[in-house]
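Take a look at the letters that make up each chain.
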Amino acid sequence: MELGKLPVDVTVIDRRNHHTFQPLLYQVALAVLSPAEIAQPIRMILKNNSNTEVLMDEVKEIDTGERRLKLGGGATIDYDYLILGTGATHSYFGHEEWAKYAPGLKSIEDAVEIRRRVLLAFELAERHMLEHGWHPPLNFVVIGGGPTGVELAGAVSDIARLYMKHDFRHIDPSAARVLLIEGSPRVLATFPADLSAKAEKQLKKIGVEVWTGKHVTEVGPNYVKVGAEPNQERVEAVVILWAAGVAASPLGRLLNAPADKRGAVFVDAQLNPTGLPEVFVCGDLAHIEQDGRLVPGVAQPAMQMGRHAAKVIAADLKGKPRPNFRYWDKGDMATIGRLAAVAKIEWPFKAHWGGFMAWLTWLVVHIYFLIGFRNRIMIFSTWAWTYFTFTDGARLITGDQRLPGWEESTREPRDGSVQDPSTRRPGEVAVGDGTHEPVGSTLGGAGQRA
């Protein structure tokens, strides 16, 4: 947006036609919001920038010597300045085969896939209970205790305990088990220790089991293994979600510039890689340290980096010295569930909040930073409706109706699953917690069924 005010010609290249507000992706993944509420077409965002054109394409090659890009469609584009802000992708630490069992959350497509799996698990459990009198335990495992993992775990617990508890007749969604596994000694390791402790306390309060200091060593179609033999633990799971690691976009490697082990490009105080003063690297793709600490790869510094790149180009056009980038940390927040969050506030005052005040602050800040007045109104009204009615309106299952690992889970009841129908007395129907009720009684707290 800042470049739109300068006497330059701007070309925006993206392989998708929309900008996604990533901090709210998890709410799409857990059916609170629909994708259109957190995404805006790029052309619509930039429609008032008369000097800007948008291309839906993908950069395949970067020739820094000739200052030229080669695109996936075959076209080439020359540039005077190049700004790269392609973000990060999932990292499975060398176990890429885990990706099909444990999707991560970086895009709208990821969010829709997670929504499909979570909702499908409850639907398949309901059907299996009706057909066979038992269902596999509804265990949801989230791997990684950073902000994304904490938000996912809390949202899965909320949807099971609060929003779907009366929607089924044969299972009890509120009996679902949500397990958050983190390899470091505490969740939200980048937050102050007191906020990390508050986050863990709030997670446990809403029913999330928190395992810290434990490393996942294997991910299969319906299970996760933690630790090594002889003390290895196996956890059965109907849905596994990955929030444990990120790697920088592979586009950074096309610069042939020094990078860290994540693939993030080392940049100087003007956000330039070594020897490339006309190239700016921003967001997750940039490795820059300030006061001896790595600037975090989250939305707040990414936005500031984008504005700074525009300031440097403006300085060049005026023949003035280039300013140095300085990250202004206004604080960090992570939401945990309904009325639960933690917030480290650095501006306009310093405070560490947990609970309702942190959640309210999180809500206001995220609505403020959404692009588009329409999106702000829609999300505010959706949240208000969800808050007062305990319902959500984006609970759609689209695409494939097969759940990875479900067939393996239903071959035979394992420990913790609902009892086999052969153990029931005549006139009884099994319910989701392993108990039995007479036919015609309330099943799962959601009405009667003869």
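The rules we used
Residues numbered from 1 in each chain as written. Predicted model: local features only at pLDDT ≥ 70, side-chain atom pairs only at ≥ 80, totals over all residues. Heavy atoms only, no water. Pairing = 2+ DSSP bridges. Helix = DSSP H or I, 4+ residues; strand = E, 2+ residues; numbered from the N terminus. Axes fitted to C-alpha atoms, helices over the stretch in contact; angles between N-to-C directions. Buried < 20%, exposed > 50% of the residue type's maximum accessible area, 1.4 Å probe, protein only. Polar contact = N/O pair within 3.5 Å; in protein donor to acceptor, adjacent residues only side chain to side chain. Core = buried A, V, L, I, M, F, W, Y, C linked by side-chain atoms within 4.5 Å. Salt bridge = Lys/Arg side-chain N within 4 Å of Asp/Glu carboxyl O. Patch = residues over 30% accessible without salt bridge, like charges linked within 9 Å, V, L, I, M, F, W, Y side chains within 5 Å. Areas by Shrake-Rupley, 256 points an atom, 1.4 Å probe, with all protein chains shown as cover. 1 Å grid on protein atoms, 1.4 Å probe; cavity = no way out; pocket = protein on both sides within 12 Å on 5 of 7 lines; lining within 4 Å. Points joined across faces, edges and corners; volume = space filled by probe spheres on them. Nonpolar A, V, L, I, M, F, W, Y, C, P; charged D, E, K, R; others polar. Right-handed = clockwise from strand over helix to strand, strands pointing away.

## A short note on the sheet that holds strand 5 (residues 59–63)
Across the sheet, which stays open at both edges, the 3 strands sit in the order 5-6-7 with antiparallel pairing between neighbours. Here the strands that pair on one side only, and so sit at the sheet edges, are strand 5 and strand 7 (76–78). The average angle at which neighbouring strand axes cross in this sheet is 20°, direction not considered. Two elements, strand 6 (residues 68–71) and strand 7, share 3 bridges in a ladder whose sense is antiparallel. Note on strand 7: the bridge partner recorded for arginine 68 is aspartate 78.

## So, the pairing of strand 23 (residues 331–337)
Along any regular strand, the residues point their side chains to alternate faces of the sheet. In terms of burial, strand 23 is a largely internal element, 5 of the 7 residues being buried. With 6 bridges connecting them, strand 23 and strand 24 (residues 340–345) associate as antiparallel partners. Bridging across to strand 24, methionine 333 finds its partner in alanine 343. Once strand 23 ends, the chain turns through 2 residues before running back antiparallel as strand 24, passing leucine 339 with a positive phi of about 65°.

## Some points on the side chain of aspartate 260
With respect to the helices and strands, the residue aspartate 260 is situated in the loop between strand 17 (246–248) and strand 18 (265–266). A polar contact of 3.0 Å, which involves the side chain of aspartate 260, links it to the backbone nitrogen of arginine 262.

## Observations regarding the nonpolar core
In this structure, Leu24, Ile38, Phe122, Leu138, Phe140 and Trp383 are the most contacted members of the largest nonpolar core, which totals 71 residues. Examining the composition of this core, we find that 11 residues originate from one element, helix 3 (residues 108–132), more than from any other.

## Things to note about the pattern of salt bridges
Following the criterion strictly, the structure yields 22 salt bridges and no others. A salt bridge links glutamate 113 to arginine 117; its shortest N-O distance comes to 2.6 Å. Linking glutamate 113 with arginine 117, this pair stays in helix 3, spanning 4 residues, or about one helical turn. With relative accessibility at 23%, the residue glutamate 113 sits in the partly exposed group. Notably, a salt bridge pairs glutamate 218 with lysine 225, separated by 3.6 Å at the nearest N-O pair. A relative accessible area of 28% places glutamate 218 in the partly exposed class. A network of salt bridges, in which partner residues are shared, links Arg15, Glu58 and Lys60.

## Overview of a nonpolar patch on the surface
A cluster of nonpolar residues, Phe356, Met357, Leu360 and Val364, forms a patch on the protein surface that exposes about 350 Å² of accessible area. Secondary-structure assignment places phenylalanine 356 in helix 7 (residues 356–369).

## Some remarks on the environment of lysine 204
Take lysine 204: it is sitting in helix 5 (residues 193–205). Considering only alpha carbons, one finds lysine 204 and glycine 154, 50 residues apart in sequence, at a separation of 9.4 Å.

## Some words on empty space enclosed by the protein
Within this structure, the stated rule accounts for 3 cavities of 30 Å³ or more. Considered as a void within the structure, the second largest cavity measures approximately 40 Å³ in volume. As for the second largest cavity, its lining consists of Tyr101, Arg117, Pro221, Val238, Val239, Ile240, Leu403 and Pro404. Within the lining of the second largest cavity, the residues separate by chemical class into 7 nonpolar, no polar and 1 charged.

## Remarks on the pairing of strand 10 (residues 139–143)
Among the 5 residues that make up strand 10, 5 are buried, leaving the element largely enclosed by the rest of the structure. Alternating positions in strand 10 separate into two faces, Asn139, Val141 and Ile143 on one and Phe140 and Val142 on the other, with burial throughout. Following the chain from strand 10 across helix 4 (residues 147–163) to the adjacent parallel strand 11 (residues 177–182), one finds a crossover that is right-handed. Across 4 bridges, the pairing between strand 10 and strand 16 (residues 239–242) is parallel. Directly across from valine 142, in strand 16, lies its bridge partner leucine 241.

## Description of unusual backbone geometry
For the peptide bond that leads from glutamate 229 to proline 230, omega is 10°, which places it in the cis range. The residue proline 230 is located in the loop between strand 14 (223–226) and strand 15 (233–236) in this model. Tryptophan 347 connects to proline 348 through a cis peptide bond whose omega is 5°. For leucine 188, which is not glycine, the phi dihedral falls at a positive 50°. Of note, leucine 188 is situated in the loop between strand 11 and helix 5. Of the residues examined, leucine 188 reaches a relative accessible area of 0% and is grouped as buried.

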